[in-house]
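Residues per chain, in single letters:
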Amino acid sequence: MNSFKAFFKEKGLYLVCLALVLIATVTGVLAVNRVVASVADLTAARQKALEENSVWNQPDTIVTNPAEDVPVATPAPTQAPSSASPAPSAESSASQPQSSGSAGAGGSGGPAASQGASSTWPVDAEPAAAFSGDELVYNETLGDWRTHNGADYTCQPGSGVQAAVGGTVDGVEQDALWGTVVTVTDADGIAWRYCGLAQAAVAPGDPVARGDILGVLGEIASEAHAGPHLHLECMRQDAYLDPETCKP
């Protein structure tokens, strides 16, 4: 008995410390078990919600550049008039370049515009929006930043659009964003693209002279913010050029 008391007297502190360690260990294990159980319950609840197609509420995301106002292009005529069809205006002459509102709509009327006018340009106006080259500009209609690959000339729908230079019509295309597009390639290999026509008065393969009427102006869905205008592009070997610097 005395030896037992002596043992506890000498080792009592160690036994108390061991007991405290055991208690702390058991408490920690119980706490970990509770955390694991909580995570398992949450995972099970989320899995059940997914299986039941429950909706998880998320904060709304603010869209900075909505493009809901992009206009729907008006379908262009399914058949363009042939090259033999009369041009929309008989009033243009070599001495009188056509202004933005002088031609009638529809591509019918008198003979084509005068051939080889000395001061003819597609529209008798300065560009409202210039060629941007490699610089990005903001497009209000599409709500993004992009290069402006041509020059815009303000004029009224139904106005006759004249050829800036002579050449051969390489294409007449219907584009949802750019309207009817007439492409004329001149003797220097420069392709002139007249975008925004409502109706073409020429067909692929037709020869045209400077001042000939190519068609009547319509609308451009991709640049609706700028109002009615002709979008004119120049390209040489897939490189865009400034139409103002390509004037003959």
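Cut-offs applied
- Residues numbered from 1 in each chain as written.
- Predicted model: local features only at pLDDT ≥ 70, side-chain atom pairs only at ≥ 80, totals over all residues.
- Heavy atoms only, no water.
- Salt bridge = Lys/Arg side-chain N within 4 Å of Asp/Glu carboxyl O.
- Helix = DSSP H or I, 4+ residues; strand = E, 2+ residues; numbered from the N terminus.
- Buried < 20%, exposed > 50% of the residue type's maximum accessible area, 1.4 Å probe, protein only.
- Lys, Arg positive; Asp, Glu negative; His and termini not counted.
- Contact = heavy atoms within 4.5 Å.
- pLDDT = per-residue confidence, 0-100.

Draft legend 1. Broad picture of the pattern of salt bridges. Inspection of the entire model under this criterion finds three salt bridges. A salt bridge links Arg-193 to Glu-233, with the shortest nitrogen-to-oxygen separation between them at 2.5 Å. On the criterion of sequence distance, the pair formed by Arg-193 in strand E7 (residues 191-200) and Glu-233 in strand E10 (residues 229-236) is long-range, its members being 40 residues apart. Judged by its relative accessible area of 4%, Glu-233 falls in the buried class. Glu-244 serves as the salt-bridge partner of Lys-247, at 3.3 Å between the closest nitrogen and oxygen. By relative accessible area, which is 24% here, Glu-244 ends up partly exposed.

Draft legend 2. Quick peek at unusual backbone geometry. The backbone of Gln-237 shows a phi angle near 55°, a positive value even though the residue is not glycine. Within the secondary structure, Gln-237 is located in the loop between E10 and strand E11 (239-241). Accessibility expressed as a relative area gives 78% for Gln-237, which makes it exposed. Notably, Asp-238 is not glycine yet its phi reads approximately 65°, a positive angle. Following the sequence through the fold, Asp-238 ends up in the loop between E10 and E11. Using a relative accessible area of 70% as the deciding quantity, one classes Asp-238 as exposed.

Draft legend 3. Representation of the side chain of Glu-223 in the model. Within the fold, Glu-223 resides in the loop between strand E9 (213-217) and E10. In this structure Glu-223 is buried but unpaired, with Arg-146 as the nearest side chain of opposite charge at 7.7 Å. In contact with Glu-223, not counting residues within four places along its chain, are Asn-139, Thr-141, His-148, Asp-152, Trp-178, His-229 and His-231.

Draft legend 4. Summary view of the confidence of the model for the protein. Residues of the protein with pLDDT of at least 70 account for 60%, and the chain-wide mean is 73. Within the protein, helix H1 (residues 2-51) has the poorest average pLDDT of any element, 71, and strand E8 (residues 207-208) the best, 96. Note on residues 54-64: pLDDT is under 50 here. Beyond four places in sequence and across chains, it has four contacts. Across residues 73-119, confidence stays below pLDDT 50; counting only partners more than four residues off in sequence or on other chains, it has 91 contacts.

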